[in-house]
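Each chain, letter by letter, is given below.
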Amino acid sequence: MDTLGKAQMEQGGAKAGVPTLTAAEFEEGKQIYFERCAGCHGVLRKGATGKPLTTDKTRELGFDYLHDFITYGSAAGMPNWGTSGQLTERQVDLMTRYLLNEPPQPPEWGLAEMRGSWKLIVPVAQRPTKQMNKLDLDNLFSVTLRDTGEIALIDGASKQIIKVIETGYAVHISRMSASGRYLYVIGRDGRIDLVDLWMPEPTTVAELKIGIEARSIETSKFHGWEDKLAIAGAYWPPQYVIMDGPTLEPIKVVSTRGMTVDTQEYHPEPRVASIVASHFNPEFVVNVKETGQILMVNYEDLKNLKVTTIGAERFLHDGGFDSTGRYFLVAANARHKVAVVDTKLNLLSALVDTEGLTPHPGRGANFIHPKFGPVWATSHLGDDTISFIGTDPEKHPAQAWKIVDSVRGQGGGSLFIKTHPKSTNLWVDTPLNPDEDMRASVAVFDIKDLAKGYTVLPIAEWSGIKEGARRVVQGEYNKGGDEVWFSVWNAKDQESAIVVVDDKTRTLKHVIRDKRLITPTGKFNTYNTKMDVY
Ligand code: DHE
């Protein structure tokens, strides 16, 4: 291949037989890898949700195999970057060569770098002491506008966009402070934006960059600690940081590098996945992906930090509490398991085999199963299984931490499942299913009669948008629990929408179409997020 030969000559120190890249190509490869690949395969390419891509593996697979894999994807979840047009033929070729070369290690990001990035835009003394606007702060939706790096704040009642706020790159999630005053948003580039909802109009009052790559953020919720502290987890460098809640001033940075739970060998890149705040102790629950360790980080004394390390299972990703808020259930996705942590006693209650492939619950769904009592549910990326795990060790001990029942949904490629304490509906999306109709719709089950099967609602069709991939993603309830919002997620240059469904009648209630609504994905209702209602 011509380009390979040329590039080879331009890069010194090349390994014989391994195609090289020019400096410009290497930079481009690095950027594409960060934007498209690192989330699943890791910066050092050691693998997690995606396969390891270290050079011992890639060189064995060879150029042609890798080239085809990047072009066509795989049934196991690798996107078809080439045939979908998201990467050009030149970029596929470049990425293939990039993977045959050693990965560069990004820089570290310690307290000094964080402090250098910290912007206290409105100091606490200059902020109001009461709410200065008429917004219903308990029923706002913070909507991720993924590809513009913004969030849209939408009023739950009027469905009007109150404000679009600039945030980090490919913004990921929003979380609320315990009082409901502060909204925290984290971008994939590790940038946190802190929005004060009490200002005359919601305003970003502080900003901080906690690393090169990140996904999670949470705030202290234990009694007496409301609104005091925040924590964010980074993918790179592998670490978490505890901050002052109202200002984002970074206080304590802790590395997660260490030993894997099973083989007990050193891992250089154990990324921080989901984080939740315990309601039973002054602690954060930090889930470390590659090592499979769950860290109960006590925030009472940050100088003499006490961390309880709970060995769970590798590849921890996302999860949520049971309905009592005591047990945290987190998917070890590439191991097809859910780990259950007792946040009161700080121990592993169980490791449950979910019977489906690659569980992906989001925060999961809690409801009373007609036969088996309280359960928490997850759907799966890898197949159509929807699993129900018993969560009541006191009144239903025989069912606790077991798959008590499961049903089949529309198909694999599911990311999020949702219900609400006031609802009898269980909603399951399938945005990553290759079938066009499936990813453009949701399945809804009747909790009172799960065996009856599901009804399909054509959410994308209801949006009125005809063009594009129209992935219907992440149901989120309003505070009242009587309506559920879905994103119709299209590419950046196409129109997207939010479709609001009446929960009782399962009929279309409202469509939000607005040119500012670019690539909406996650939606976070302020009340439900603050109170962990799901
Ligand atoms: Fe997410 C939650 C990581 C891709 C939408 N995502 C999470 C969490 C993690 C994570 C660790 C849990 C945070 C917490 O609770 O503290 N997500 C990753 C990835 O590593 C991955 C697979 C690849 C990547 O490169 O980022 C990834 N995620 C996506 C998407 O492509 C999604 C569908 C669209 C988007 O906006 O990027 C997406 N992730 C979400 C959403 C949540 C989430 C909406 C929060 C769900 C909730 O209900 O709390």
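Residues numbered from 1 in each chain as written. Predicted model: local features only at pLDDT ≥ 70, side-chain atom pairs only at ≥ 80, totals over all residues. Heavy atoms only, no water.

- If you check an unreviewed UniProt entry, the protein appears there as Nitrite reductase from Skermanella aerolata.
- Check the Subunit (unreviewed entry) section of the UniProt entry for the protein; it says "Homodimer."
- Regarding the protein, the UniProt comment filed under Subcellular location (unreviewed entry) reads as follows: "Periplasm". (UniProt positions renumbered as here; feature names shortened; annotations may be inferred.)

What about the overall build of the protein?
Then, number 1: Tallying secondary structure elements over the protein gives nine helices and 35 strands in all.
Then, number 2: Its C-alpha atoms give the protein a radius of gyration of 23 Å, near enough to 24 Å, the size a compact globule of 534 residues would have.
Then, number 3: Along the first, second and third principal axes, the C-alpha set of the protein runs to 65 × 55 × 50 Å.
Then, number 4: Out of the 534 residues belonging to the protein, those deemed buried represent 60%.
Then, number 5: Summarising the internal contacts of the protein: among those between residues at least 6 apart in sequence, 53% fall at separations of at least 24. (Helix = DSSP H or I, 4+ residues; strand = E, 2+ residues; numbered from the N terminus. Rg over C-alpha atoms; globule rule 2.2 N^0.38 Å. Buried < 20%, exposed > 50% of the residue type's maximum accessible area, 1.4 Å probe, protein only. Contact = heavy atoms within 4.5 Å.)

Some details on the site of the ligand
Then, number 1: Around the ligand lies a shell of 21 residues, among which His172, Arg215, Tyr235, Arg363 and Thr521 are the nearest.
Then, number 2: Within the contact set of the ligand, an oxygen atom lies 2.8 Å away from a side-chain nitrogen or oxygen of Arg215.
Then, number 3: At a separation of 2.6 Å, an oxygen atom of the ligand approaches a polar side-chain atom of Thr521.
Then, number 4: Put simply, the parts of the chain that give the shell around the ligand at least two residues each are strand S5 (173–176), strand S9 (213–219), strand S15 (272–277) and strand S35 (520–525).
Then, number 5: Per-class residue counts for the shell around the ligand are eight nonpolar, eight polar and five charged. (Near = heavy atom within 4 Å. Polar contact = N/O pair within 3.5 Å; in protein donor to acceptor, adjacent residues only side chain to side chain. Nonpolar A, V, L, I, M, F, W, Y, C, P; charged D, E, K, R; others polar.)

Observations regarding the UniProt feature "domain: Cytochrome c" (unreviewed entry) in the protein
Then, number 1: Residues annotated by UniProt as "domain: Cytochrome c" (unreviewed entry) correspond here to residues 24–103.
Then, number 2: Between the first and last C-alpha atoms of residues 24–103 the distance is 15 Å; the span itself is 59% helix and 0% strand.

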